[in-house]
Amino acid sequence: MLATAGPVPLDGGEWVAEVKWDGYRVITAVTTAGDVRAWTRNEKDALGRFPMLAGLQALARDVVIDAEVVAFGADGRPSFEALQQWPVPGGALALIAFDVLHLDGEPTVGLTYDERRDLLVGLGLSHETGHAQVADVHGSPQELWAATKELGLEGIVAKRRDSRYEPGRRSRAWIKAKHVRETEVVVAGWKEGDGGRAGRIGSLLLGVHTDDGFVFAGHVGTGFTERALADMSRRLAPLHRNTSPYDTPVPRADAKGAQWVEPVLVGTVAYTEWTSDGRLRHPSWKGLREDIEASEVTRG
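In this text the structure is predicted, and so the values were computed from the model without any measurement.

Conventions used here
Residue positions are counted from 1 within each chain, in the order its sequence is given. Since the coordinates come from a predicted model, pLDDT governs what is reported: local features require at least 70, and pairs of side-chain atoms require 80 or more to be given and counted, while whole-chain, interface and lining totals use all residues. Side-chain measures were taken over the full set of non-hydrogen atoms in the model, leaving aside hydrogen atoms and water. We call a set of buried Ala, Val, Leu, Ile, Met, Phe, Trp, Tyr and Cys residues a nonpolar core when their side-chain atoms join them within 4.5 Å. Burial classification: accessible surface area is computed with a 1.4 Å probe over protein chains only, and a residue below 20% of its type maximum counts as buried, one above 50% as exposed, and the rest as partly exposed. Strands here are runs of E lasting at least two residues and helices are runs of H or I lasting at least four, both read from the DSSP assignment and numbered beginning at the N terminus. Contacts between residues were defined by any pair of non-hydrogen atoms, one from each residue, lying within 4.5 Å. Any two strands with at least two DSSP-identified bridges between them are counted as paired. To obtain each axis, a line is fitted to C-alpha atoms, and for helices this fit is confined to the stretch in contact; angles are then taken between N-to-C directions over 0 to 180 degrees. Any carboxyl oxygen of Asp or Glu that lies within 4 Å of a side-chain nitrogen of Lys or Arg is treated as forming a salt bridge with it.

Tell me about the nonpolar core, and please be specific about residues and values.
Residues L204, L206, M232, L236, Y246 and W285 are the most contacted members of the largest nonpolar core, which totals 35 residues. Looking at this core, the elements with two or more residues in it are β11 (182-192), β12 (201-210), β13 (213-220), α4 (226-236), β15 (266-270) and β18 (284-288). Sequence-distant contacts of L236, that is, excluding residues within four places in its chain, are made with V187, W190, I201, L204, V261 and L265. Counting residues in hydrophobic clusters, the runner-up holds 30 residues, among them L56, A71, F80 and A132.

Give me the pairing of β12: which residues, what numbers.
Burial of β12 is extensive: eight of the 10 residues sit out of reach of the surface. Note: β11 against β12, six bridges, orientation antiparallel. By the bridge assignment, E192 is partnered in β12 with I201. Two strands pair when backbone bridges link them, and β12 and β13 are joined in this way by seven bridges, in the antiparallel orientation. Paired with L204 across the two strands is V220, which belongs to β13. The turn linking β12 back onto β13 is made up of two residues.

Run through the sheet that holds strand β2 (residues 15-20), naming residues and quoting values.
Here we have four strands laid out as an open sheet, ordered β1-β10-β9-β2, and mixed in their pairing. Both edges of this open sheet fall to β1 (2-5) and β2, since each of them pairs with a single strand only. Geometrically, the sheet is characterised by an average inter-axis angle of 40° between neighbouring strands, direction not taken into account.

Can you break down the pattern of salt bridges residue by residue, with the values?
Enumeration over the complete set of coordinates arrives at 20 salt bridges. A salt bridge links R235 to D231; the nearest nitrogen and oxygen atoms lie 2.8 Å apart. Of this pair, R235 and D231 both sit in helix α4, four residues apart, roughly one helical turn. The partly exposed category is assigned to D231, whose relative accessible area is 23%. Between E262 and R241 there is a salt bridge whose closest N-O contact spans 3.4 Å.

Next comes the structure, spelled out in structure tokens:
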């Protein structure tokens with residue numbers, strides 16, 4: 001189940017809110033026999049990347065949990081960059097669980113949010129069970145919105161207390177609100193930099209899927225650490241191609257000197273707005289998204 005972007009609901013008892021963590025969405029299935037499977041939104045194995053999830057076998061119950069793997073930097077703040085580069089010195093990982101979809105042989109998706117929440121709390125998640133914890137819930141979406149802004153967190157997800165879980169759907173029963181606009185993009189090429197970046201990546205050429213096909217969405221040259229640039233160079237090298245991967249023409253100035261790549265890598269950028277010609281204004285790179293397929297990335 002996915003959330004719909006929208007305004008923060010007014011307080012009134014019908015909604016609760018959770019912090020929107022900057023991590024990887026993970027579905028985890030556990031059996032009484034101690035088997036654990038975990039996968040991301042695009043059905044990639046998550047257990048291999050985050051072996052601490054195997055600790056969920058201590059639950060000794062048949063259960064399917066919806067959660068998010070979140071990395072915290074040495075300063076104790078959630079960090080998507082730390083998650084990408086894990087392990088990081090002084091950091092910590094946590095599985096923050098916010099829903100239960102199946103329990104003891106019975107589906108729970110038809111229950112209300114409040115009912116599912118009670119079942120989730122009753123599981124007894126802890127550090128010993130896959131570094132897991134239950135997401136905190138706040139009865140006032142407006143207050144949590146203000147608090148997350150003050151703390152510099154990404155935003156909130158407000159959820160209707162009477163809502164059912166809708167697998168595979170983007171529902172208005174869950175509303176996500178971010179303090180900074182972010183969107184996923186596909187890397188379609190790169191251009192060489194100058195000065196300290198001479199001879200290596202200066203900016204990435206970005207794209208998104210629209211009704212007109214795969215189209216140019218601008219370029220990003222800020223937000224990269226040295227480690228991220230080195231990792232990006234390594235990933236892009238085997239993806240080189242001789243022609244533009246876009247389905248529509250790229251402005252000559254943007255295409256000049258471009259090194260094209262197969263459009264398969266997905267990343268997240270922060271930005272101020274979409275321009276009238278379909279470009280991202282003032283984008284800043286946040287990191288790669290290995291849990292999202294390039295074909296899913298649309299203008300949003």
